[in-house]
Amino acid sequence: MTVSTVEKIDLFNQETESKIRADVILGNCLDVLKKMPDDSIDLIVTSPPYADQRKSTYGGIHPDKYAEWFLPITAELLRTLNPKGTFVLNIKEKAINGERHTYVMEMIIAMRKQGWLWTEEFIWHKKNCFPGKWPNRFRDSWERLLQFNKSKGFSMYQDEVRIPMGDWAKTRLKNLSETDKRRDNSKVGSGFGKNVSQWVGRELAYPTNVLTMATETSNKKHSAVFPKELPSWFIKLFTRPEDIVLDPFLGSGTTSVAAFQLDRNSIGIEIQEEYCQLAIDNINREKG
């Protein structure tokens with residue numbers, strides 16, 4: 001399928017008095033990506049159809065064929081991503097015949113051979129996952145958020161996602177021993193290691209790589225909506241205002257909405273016309 005619709009939405013954020021662009025493209029993401037210039041995207045955040053899921057919407061891809069299907073797309077993403085940019089992929093294996101399939105692991109290995117650096121793995125802990133019971137396992141309450149980069153020198157703004165120190169600052173830092181003040185300084189030149197005395201007087205700390213967020217339940221028009229806080233967190237961590245954020249599987253437009261609210265430009269690609277229009281409506285709603 002070739003590109004059949006391009007909706008270019010000019011938005012004005014009244015709070016920051018800035019003009020932001022949101023492009024929504026109807027089409028197959030592989031076809032669309034091939035038309036995009038090299039090194040033009042600062043951040044990619046997306047959640048593609050999982051293997052053998054959303055068959056009625058996206059046709060479904062068998063787990064054995066998933067890497068083969070996805071690798072041509074990641075090759076184009078690698079080309080279009082800025083050398084200092086980041087690719088965050090939300091994905092999860094599925095269980096088949098009582099065991100977990102390996103298609104995500106296979107895909108990671110293949111992407112590394114493409115030239116990607118697999119730099120980090122975040123975990124999205126779903127604090128409100130649906131209850132259920134299976135004979136040989138428990139319900140899933142987490143999904144992977146895989147971070148890939150083109151180079152080790154990628155942009156990262158850790159201070160933008162710091163969190164309150166909480167009760168730890170009131171208890172652990174209250175009475176420090178002599179060893180707390182001198183032992184285990186960081187050997188890599190980042191952070192404070194275990195010299196916890198250096199955290200005294202600080203109100204904010206850096207988060208872990210486990211993100212606890214509720215799943216999205218309010219949007220009944222799309223079957224797989226991640227919470228807006230998820231792309232927002234990575235947009236703050238890896239981009240600056242007016243940077244360009246891409247979601248090649250846009251769905252209902254969550255990534256583009258999050259980008260607008262944070263003064264980032266966005267490009268979203270969606271193959272289903274119904275969801276493409278839903279994304280446009282959701283983004284336009286932000287215009288107020």
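This text goes with the structure placed above it.
Counting restarts for each chain: residues are numbered from 1 in the order of the written sequence. Side-chain atom pairs in this predicted model are given and counted only at pLDDT of 80 or more, local residue features only at pLDDT of at least 70, and totals for whole chains, interfaces and linings cover all residues. Only heavy atoms go into the side-chain values, all of them from the structure, while hydrogens and water stay out.

**What to know about helix α4 (residues 103–114)**
In this description a helix means any DSSP run of H or I spanning at least four residues, a strand means any run of E spanning at least two, and both kinds are numbered starting from the N terminus. Here a helix's expected span is defined as the number of its residues, less one, multiplied by 1.5 Å. In this model, α4 (12 residues) spans 16 Å end to end at C-alpha, consistent with the 16 Å of a helix rising 1.5 Å per residue. Relative accessible area decides the class of each residue, using a 1.4 Å probe on protein chains only: under 20% of the type maximum gives buried, over 50% gives exposed, and in between gives partly exposed. Of the positions making up α4, those classed as buried are Y103, V104, M107, I108, A110 and M111. Whether two residues are in contact is decided by their heavy atoms, any of which lying within 4.5 Å being enough. Residues of α4 that are buried make contact with α3 (63–80), β4 (81–91), β7 (117–126) and β8 (142–149). Where α4 ends, the next residue or the one after it, G115, has phi of about 125 degrees, a positive value.

**Concerning the environment of E120**
The topology assignment puts E120 in strand β7. The class for E120 is partly exposed, based on a relative accessible area of 30%. Spatially, the C-alpha atom of E120 lies 8.5 Å from that of L145, the residues being 25 residues apart in sequence. Those residues in contact with E120, other than ones at most four positions away along the chain, are L145, L146, Q147 and N209.

**A few points about the packing of aromatic side chains**
In this scheme Phe, Tyr and Trp rings, the latter by its six-membered ring, pair at centre separations within 6.5 Å, and the angle between planes marks the pair as stacked below 30 degrees, edge-to-face above 60, and tilted otherwise. Per the stated rule, a full pass over the model turns up 14 aromatic pairs. Ring centres 5.4 Å apart and planes at 50 degrees place the aromatic pair F87 and W116 in the tilted group. In this pair, F87 sits in strand β4 while W116 sits in the loop between α4 and β7, placing the two residues 29 residues apart along the sequence. Both residues of the pair, F87 and W116, count as buried. Two limits define a charge over a ring: the Lys NZ or Arg CZ must be within 6 Å of the ring centre, and within 35 degrees of the ring normal. Directly above the aromatic system of W124 lies the positively charged group of K126, at a separation of 5.0 Å from the ring centroid.

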